[in-house]
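Next come the chains, spelled out residue by residue.
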Amino acid sequence: MIAAALREDIESYARRCRKENPIFCMARDGTLSKATVTRYIANVHYLIQHTPEYLARARDRALALGDAPLAAHFAHKLEEEMGHDVWAERDLAALSRMTDST
């Protein structure tokens, strides 16, 4: 029941973002510049590059507290999140090439 309510909240938020978020609106109407996209991806990259470190710390802390199921959850999430920063780096490199060629 809580999971379903949370899921609905998240989906509702995503729908609102697609309609109201300035970046999504600019993308939809064609006014989103390469510079804005580059800044956005650079900021996302900054955040996600630290995710594995924090998940590893959370896993280690859960182990230290004797919570093996929580530690296993964080270990699983750590595996899932590895390499996501590389996606952003590739996007930034592609954007740079696009900017250089225009």
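A brief look at the structure comes next. Please read all numbers here as calculations on a predicted model, not as lab measurements. (Residues numbered from 1 in each chain as written. Predicted model: local features only at pLDDT ≥ 70, side-chain atom pairs only at ≥ 80, totals over all residues. Heavy atoms only, no water.)

1. What about the overall build of the protein chain?
- For the protein chain, the count of helices and strands is six helices and zero strands.
- In sequence order, the protein chain lays out its α and β elements as α-α-α-α-α-α.
- In terms of C-alpha radius of gyration, the protein chain reaches 18 Å, well past the compact-globule figure of 13 Å for 102 residues.
- Dimensions along the principal axes, computed over C-alpha positions, put the protein chain at roughly 55 × 35 × 15 Å. (Helix = DSSP H or I, 4+ residues; strand = E, 2+ residues; numbered from the N terminus. Rg over C-alpha atoms; globule rule 2.2 N^0.38 Å.)

2. Topic: the environment of proline 22
- Looking at the secondary structure, you find proline 22 in helix α2 (residues 22-29).
- Residue classification places proline 22 among the exposed positions, given a relative accessible area of 56%. (Buried < 20%, exposed > 50% of the residue type's maximum accessible area, 1.4 Å probe, protein only.)

3. Some remarks on the packing of helix α4 (residues 51-64) against helix α5 (residues 68-81)
- The N-to-C vectors of α4 and α5 enclose an angle of 165 degrees; their axes lie 8 Å apart at closest approach. Considered as vectors, α4 and α5 are oriented roughly antiparallel to each other. In terms of crossing hand, the pair formed by α4 and α5 is left-handed. In this structure, α4 uses Thr51, Pro52, Leu55, Ala56, Ala58, Arg59, Ala62 and Leu63 to contact α5, whose residues at the interface are Leu70, Ala71, Phe74, Ala75, Lys77, Leu78 and Glu81. (Axes fitted to C-alpha atoms, helices over the stretch in contact; angles between N-to-C directions. Parallel < 35°, antiparallel > 145°, perpendicular 65-115°, else oblique. Left-handed = near helix turned anticlockwise from the far one by under 90°. Contact = heavy atoms within 4.5 Å.)

4. Concerning the environment of glycine 83
- Looking at the secondary structure, you find glycine 83 in the loop between α5 and α6 (84-101).
- Sequence-wise, glycine 83 and alanine 94 are eleven residues apart; in three dimensions their C-alpha atoms are separated by 17 Å.

5. Things to note about the packing of helix α1 (residues 2-20) against α2
- Where α1 meets α2, the closest approach of the two axes is 6 Å, and the angle between their N-to-C directions is 55 degrees. It follows from the interaxial angle that α1 and α2 lie oblique. Across the interface between the two elements, Cys17, Arg18, Lys19 and Glu20 of α1 pack against Pro22, Phe24, Cys25 and Arg28 of α2.
- When its residues are assigned to classes, the contact of α1 with α2 shows four nonpolar, no polar and four charged. (Nonpolar A, V, L, I, M, F, W, Y, C, P; charged D, E, K, R; others polar.)

6. What about α2?
- The N-cap of α2, judged by a side-chain oxygen 2.8 Å from the amide nitrogen of isoleucine 23 a few residues on, is asparagine 21.
- Where α2 ends, the next residue or the one after it, glycine 30, has phi of about 80 degrees, a positive value. (Polar contact = N/O pair within 3.5 Å; in protein donor to acceptor, adjacent residues only side chain to side chain.)

7. What about the pattern of salt bridges?
- Going through the model one piece at a time under the given rule, you end up with four salt bridges.
- Two residues, arginine 15 and glutamate 8, come together in a salt bridge whose shortest N-O distance is 2.9 Å.
- Residue classification places arginine 15 among the partly exposed residues on the basis of a relative accessible area of 40%.
- For lysine 77, the salt bridge identified is with glutamate 80, shortest N-O distance 3.2 Å. Linking lysine 77 with glutamate 80, this pair stays in helix α5, spanning three residues, or about one helical turn.
- The class of lysine 77 is partly exposed, set by a relative accessible area of 30%.
- Residue classification places glutamate 80 among the partly exposed residues on the basis of a relative accessible area of 36%. (Salt bridge = Lys/Arg side-chain N within 4 Å of Asp/Glu carboxyl O.)

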